[in-house]
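The chain contents come next:
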Amino acid sequence: MSLINPADSLERQNEKLLQITQSLMRRVEQKNEQSGFAYQQFERAALLETEVRERTQDLERALDLLQDSNTRLEVANSETEKARSNLTEAIETINEGFALFEQDEGLVLSNSRFCRDLTDIAGLLVGGLSFENYVKLISESRVLALPDDQTPADWVAKRMARHRDDHVVFNVRLKWDRWLQVSEHRTSQGGTVILQTDVTSIIRRERQERDKQAEILQATLDHLNQGVCIFNNDQMLMGWNSRMDSLLASSPNTAALRMSFGILLDWLKDELVFDASLDAEHLRQWANRTSRRDPIIFEVHRGSAQTYSVFAQEMPDKGFVISFTDVTAERAAARTLYELNEILEQRVEDRTRELGLALAEAERANASKSRFVAAASHDLLQPLSAAKLFVSSLSEQNNPEDARAILDKAEMALSSVEQFIAALLDISKLDAGKAVFEVQPLRLSDVFVPLRNELMPIAQQKGIELKVVDCDLTVESDPGYLRRIVQNLLTNAIRYTDKGRVLVGVRRVGQLARIEVWDTGRGIAHADQQVIFREFERLSPNNADTGLGLGLSIVERACKGLDHTLSLWSEPGVGSCFSLNVPVRHDIFYDTDQQKEKDIVPQSLSDRLVMLVEDNPQLATAISAMIESFGPTVIHAHSAEEAFGILTEIQLVPDAFLVDFQLGTGLNGTDFYTEATRRYGPVPAAIISAERTKALRETCKTLDLPLIAKPIDKNRLRGLLVQLFRQNGVDVSVI
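The model shown is predicted, which means the values in this text are computed figures rather than measured ones.

A.B. asks: Can you help me understand the overall build of the protein in this one?
C.D. replies: For the protein, the helix and strand inventory stands at 19 helices and 25 strands. Residue burial in the protein is summarised as follows: out of 735 residues, 37% are buried. Long-range contacts, defined here as pairs at least 24 residues apart, represent 57% of the contacts in the protein between residues at least 6 apart. A total accessible area of about 43600 Å² is found for the protein, and carbon and sulfur atoms account for 53% of it.

Now the structure itself:
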């Protein structure tokens, strides 16, 4: 324990030491018997005095040092105040608003430009103001221009979120179209420095520059052949060029600006038909993707007349651009090329098949040439020889009755020669393709009734029943050849039927009348059912009543020339059935006067006029050549407008119109027909098209227009023209 209190002053400590020394001295004088102990106390006191003196010296030196430190502190405070004054003057000289917040977020200092534009809160920015309260004051300022969808509390939350970063730069919009750029930086001690720069002139200049660039960009986009629309990273429509007006609206629609991609897609998906590679939902998923979007390309169709190639690609700012290229003409050209290729391939196939058939026919004709000549010579020589013998025996006959019988036999032999030669001529014409078929409406009763009357006595003579079922159907065929076909089949059936009956009837099969000739004769073995159609083939050559062997050959060739399918069913010992299919006609009504019927049905196509409206030159040339091969004359127009111009110039209405549905930019085929009907009255017409949509079929059905799908079948086209001419029923009219 110390004898003095270190907290006392040096004077007080010295005073206490003197008192202690005096007290010790008195005790030494009073207690002589304790001299040794007193001496020790004295020495101790002396030592204490020495220590007190040294401590006093140390304290004096400490006081000197403290005084020196106080002097230095006064100098430092002076310099600090000077530096603070210089700093204040320095931050006042800069053009930006400046503020410093210390580590505990309190405002240390700021210059007069800090928040100067926010006049209603500038006076509230005092030292010690917390950073959060500073942000709150700005959010409540009447000068701050907040976005429409943002409240002051939202702005505070967003601003404080940025405060967490070490370095922040952003723009703040004020009223009256003024802007402040705020940069915030963190000091090494954890404080915050804020700089506010007026960037109004810069932003206005940049805005003018952007507007100028936007005008240049818009002008550039408007000169593109593609329609282009641009979406930002929020999927909002930011702009489009004039080519897009036809898709977005009939005229530029400012209401569509900043429309979301999803709403715009819902608006357009009912008007557009996507191809199989990508539908509207896949396009929506592509736009909503947060990761990198790969470019996509697909096609859409608008109505039946427009096709667009669509290309979508992401931009660097995560927005995207979509372009629409009208490829209607290219796709139409591709379709036309495809159709031409189909026509050419069909022609090659037809020619190959025809050449194959011709080669087979030539080989068959060459193989049977010797047999044909030998059989014809033999069959011709037999009746000629018989006639010669009959004539030579007349000189030996004295009885007139016997002579008359011989002359009758000679006449029959020569008649057989005449029939044989006529059959050979028919075979020759049919084989050479020189037979002339005049196909026209024909009542089957006009064929059946005369044959029944002609062949009934022959059947009765053989003791068999001949039954011909009456039929009032009207068919399309050549009257002479159809009668010859049925006559040959009936004659053969009677010839090879020994007992029972022969039946002729008609079955209705869709649009065909199937003429069937049944018999209960000997029947034909399966191996012989193809042989019997050869010339001079007779299954019973020793039978006296086997005919010439040419009847079925004529039937086969005539059916082939008339495109009447010929069929055979036969069972040996049971009987046979020959049948042929003939097209049925529905639109002919007969009068009792046959001459009236002939006046209604055109006998030839050569005096008819057809107008073909087809925008593809190559296809039009091919169709024109096909029609003219039938006989009519063709007038070709590339468009509806050109067709009306030609008709006005020549002052004629053709017997029939053949119109392509898609005619480019003008009227389509059905519109052309409607306008032609308005101008000229009812006009026989038909539509040709590669389009196979339900809408087109329903439109043609409503207008009662025949529709022929491309590629065009030659036989069907010829039948259609015949039908149109009959619908007209009169010569070319004068307008």
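A.B. asks: I keep staring at unusual backbone geometry and nothing clicks. Help me out?
C.D. replies: Residues other than glycine seldom take positive phi values, yet Asp563 does so here, at roughly 60°. The topology assignment puts Asp563 in the loop between helix H13 (551–562) and strand S17 (566–571). If you check the backbone angles, Asp704 has positive phi at about 60° while not being a glycine. By the element assignment, Asp704 lies in the loop between helix H18 (694–703) and strand S24 (707–709).

A.B. asks: Sorry, what's going on with the environment of Asp470 here?
C.D. replies: With respect to the helices and strands, the residue Asp470 is situated in the loop between strand S13 (465–468) and strand S14 (474–477). Accessibility expressed as a relative area gives 57% for Asp470, which makes it exposed. It is 7.4 Å that separates the C-alpha atoms of Asp470 and Phe448, two residues lying 22 residues apart in sequence. Looking at Asp470, its side chain comes within polar contact range of the side chain of Arg452, at 3.3 Å.

A.B. asks: Explain the packing of helix H16 (residues 640–650) against helix H17 (residues 669–680) here, please?
C.D. replies: Packed helices, taken two at a time, are described by the angle their axes make and the gap between the axes. At a minimum axis separation of 11 Å, H16 and H17 run at an interaxial angle of 25°. With respect to H17, the axis of H16 lies roughly parallel. Remark: the crossing between H16 and H17 carries right-handed chirality. Taking contact as the criterion, the partners of Ala640, Ala643, Phe644 and Leu647 in H16 are, on H17, Phe672, Glu675, Ala676, Arg679 and Tyr680. The class makeup of the residues in the contact of H16 with H17 is seven nonpolar, no polar and two charged.

A.B. asks: Hey, could you run me through the pattern of salt bridges in this one?
C.D. replies: A side chain with one charge may pair with a side chain of the opposite charge, provided their charged atoms come close. Following the criterion strictly, the structure yields 20 salt bridges and no others. In this structure, Arg159 and Glu184 form a salt bridge, with 2.6 Å as the shortest nitrogen-oxygen distance. In this pair, Arg159 sits in helix H4 (residues 152–163) while Glu184 sits in strand S4 (residues 178–186), placing the two residues 25 residues apart along the sequence. Across the pair, Glu184 and Arg159 agree in class, each one buried. Note that Arg514 and Glu516 form a salt bridge whose closest N and O atoms lie 2.8 Å from each other. Under the relative-accessibility criterion, Glu516 is labelled buried at 7%. Ionic contacts of the salt-bridge type, sharing partners, join the residues Arg159, Glu184 and Arg186 into one network.

Reading the values: rules and limits
Residues numbered from 1 in each chain as written. Predicted model: local features only at pLDDT ≥ 70, side-chain atom pairs only at ≥ 80, totals over all residues. Heavy atoms only, no water. Helix = DSSP H or I, 4+ residues; strand = E, 2+ residues; numbered from the N terminus. Buried < 20%, exposed > 50% of the residue type's maximum accessible area, 1.4 Å probe, protein only. Contact = heavy atoms within 4.5 Å. Areas by Shrake-Rupley, 256 points an atom, 1.4 Å probe, with all protein chains shown as cover. Polar contact = N/O pair within 3.5 Å; in protein donor to acceptor, adjacent residues only side chain to side chain. Axes fitted to C-alpha atoms, helices over the stretch in contact; angles between N-to-C directions. Parallel < 35°, antiparallel > 145°, perpendicular 65-115°, else oblique. Left-handed = near helix turned anticlockwise from the far one by under 90°. Nonpolar A, V, L, I, M, F, W, Y, C, P; charged D, E, K, R; others polar. Salt bridge = Lys/Arg side-chain N within 4 Å of Asp/Glu carboxyl O.

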